[in-house]
Amino acid sequence: MRMTPHPCPLQSPTTHPTVTARPTRTHRRWVLVGALTVLMLVAPVSAAHAETTTVLVVAGSLIDVLTNIRTWLMGILATLATVFVTLGGLRYVMAGGDPGEIEKAKTAFRSAAIGYGLAALAPTVVTILQGIVGA
C-alpha cells in the first residue's frame, strides 16, 4: 500500500515558504559594536559616582598646570589609541579574508601606533611649552 501525504496547507512549501533568519556578518558586527559602546559608556559612569571630593586648590604654579596638561594629553591619546587598536583587531578578526577589511584593520593599527607615539611624545611637548613660557 502506497501512502500519500495529507494535503494540509500548513505543510505546503508553496503557500508558506520557510524563512531562515540567520544574522549576517554586518548584523553581528553592529551588535558587537553596540555592546562595546554600551560597556564603554557605562563603566566610566559607575566609576564616576564612586567617590566625590571637593577640590580647593587646582594648581599651585604654572609647572603644575603644564604637568596636568601633559597627564591629560597622554591619557586622552592613549585611550584613543587603545580604541583604534580594539577596532583594528575587531576588523581583522571579522574580515573573513576580505582584502578591503584587512586593509581597513591595518589602517586602524597604524592610527593606533601614531596615537601611542604622540602619547609618548606628550612630555616633550610640555617641556617645549615650559621653555616657551619660561616656567
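The following paragraphs examine the structure supplied in this document.

Parameters and conventions
- Residues numbered from 1 in each chain as written.
- Predicted model: local features only at pLDDT ≥ 70, side-chain atom pairs only at ≥ 80, totals over all residues.
- Heavy atoms only, no water.
- Helix = DSSP H or I, 4+ residues; strand = E, 2+ residues; numbered from the N terminus.
- Buried < 20%, exposed > 50% of the residue type's maximum accessible area, 1.4 Å probe, protein only.
- Contact = heavy atoms within 4.5 Å.
- Areas by Shrake-Rupley, 256 points an atom, 1.4 Å probe, with all protein chains shown as cover.
- Salt bridge = Lys/Arg side-chain N within 4 Å of Asp/Glu carboxyl O.
- Patch = residues over 30% accessible without salt bridge, like charges linked within 9 Å, V, L, I, M, F, W, Y side chains within 5 Å.
- Expected span 1.5 Å × (residues − 1).
- Axes fitted to C-alpha atoms, helices over the stretch in contact; angles between N-to-C directions.
- Parallel < 35°, antiparallel > 145°, perpendicular 65-115°, else oblique.
- Nonpolar A, V, L, I, M, F, W, Y, C, P; charged D, E, K, R; others polar.
- Bend = angle between axes of the 7 residues up to and from the residue.

## Overview of the overall build of the protein
Looking only at helices and strands, the protein has 3 helices and 0 strands in total. Going through the 135 residues of the protein one by one, you find that 10% of them count as buried. Sequence separation of at least 24 residues holds for 68% of the intrachain contacts in the protein that already meet a minimum separation of 6. Accessible surface, the protein as shown: approximately 10900 Å² in total, 70% of it carbon and sulfur.

## Looking at the pattern of salt bridges
Where charged atoms from two side chains of opposite charge come close, those side chains can pair. Under the defined criterion, the tally for this structure stands at 3 salt bridges. Where E101 meets K104, a salt bridge forms, and the shortest distance between an N and an O atom there is 3.8 Å. Here the residue E101 and the residue K104 both occupy positions in helix α3 (residues 99-133), the gap between them amounting to 3 residues, near one helical turn. Between E103 and R110 there is a salt bridge whose closest N-O contact spans 3.5 Å. Taking the relative accessible area as the measure of exposure, E103 reaches 39% and is therefore partly exposed.

## Here we look at a nonpolar patch on the surface
On the surface, a cluster of nonpolar side chains totalling about 740 Å² of accessible area is made up of L62, V65, I69, L73, V125, I128, L129, I132 and V133. Looking at the nonpolar patch, the elements with two or more residues in it are α2 (62-94) and α3. For L62, the location among the structural elements is in helix α2. Relative accessible area serves as the criterion here: at 40%, L62 is assigned to the partly exposed category.

## Let's talk about the side chain of E101
By relative accessible area, which is 12% here, E101 ends up buried. Leave out the neighbours within four places in its chain, and E101 touches R29, R91 and A95.

## Observations concerning α2
Three or four residues apart is the spacing at which side chains of an α-helix point the same way, because the helix has 3.6 residues per turn. Across its 33 residues, α2 extends 48 Å between first and last C-alpha, which sits within 8% of the 48 Å expected from 1.5 Å per residue. The complete set of buried residues in α2 reads L66, L77, A81 and G88. Contact partners of the buried residues in α2: α3. Taken from the residues just after α2, G96 is the one with a positive phi, measuring 65 degrees.

## Overview of the packing of α2 against α3
Axis separation between α2 and α3 bottoms out at 7 Å; the angle between their running directions is 175 degrees. One way to sum up the angle between α2 and α3 is to call them roughly antiparallel. Of the residues in the contact of α2 with α3, the class split is 24 nonpolar, 6 polar and 4 charged.

## A word on α3
Over its 35 residues, α3 extends 49 Å from the first C-alpha to the last, a length consistent with the 51 Å expected when each residue adds 1.5 Å. The largest bend along α3 measures about 40 degrees and falls at L121, with the proline P123 one to four residues further on. Where α3 is concerned, the buried positions are E101, A105, A108, A112, G115, A119, A122 and V126. Count one or two residues on from α3 and you reach G134, which has phi positive near 90 degrees.

## Re the environment of T107
Residue placement: T107 occurs in helix α3. Sequence separation between T107 and V85 is 22 residues, and the spatial gap between their C-alpha atoms is 10.0 Å.

By themselves, these figures tell us nothing about what the structure is for.
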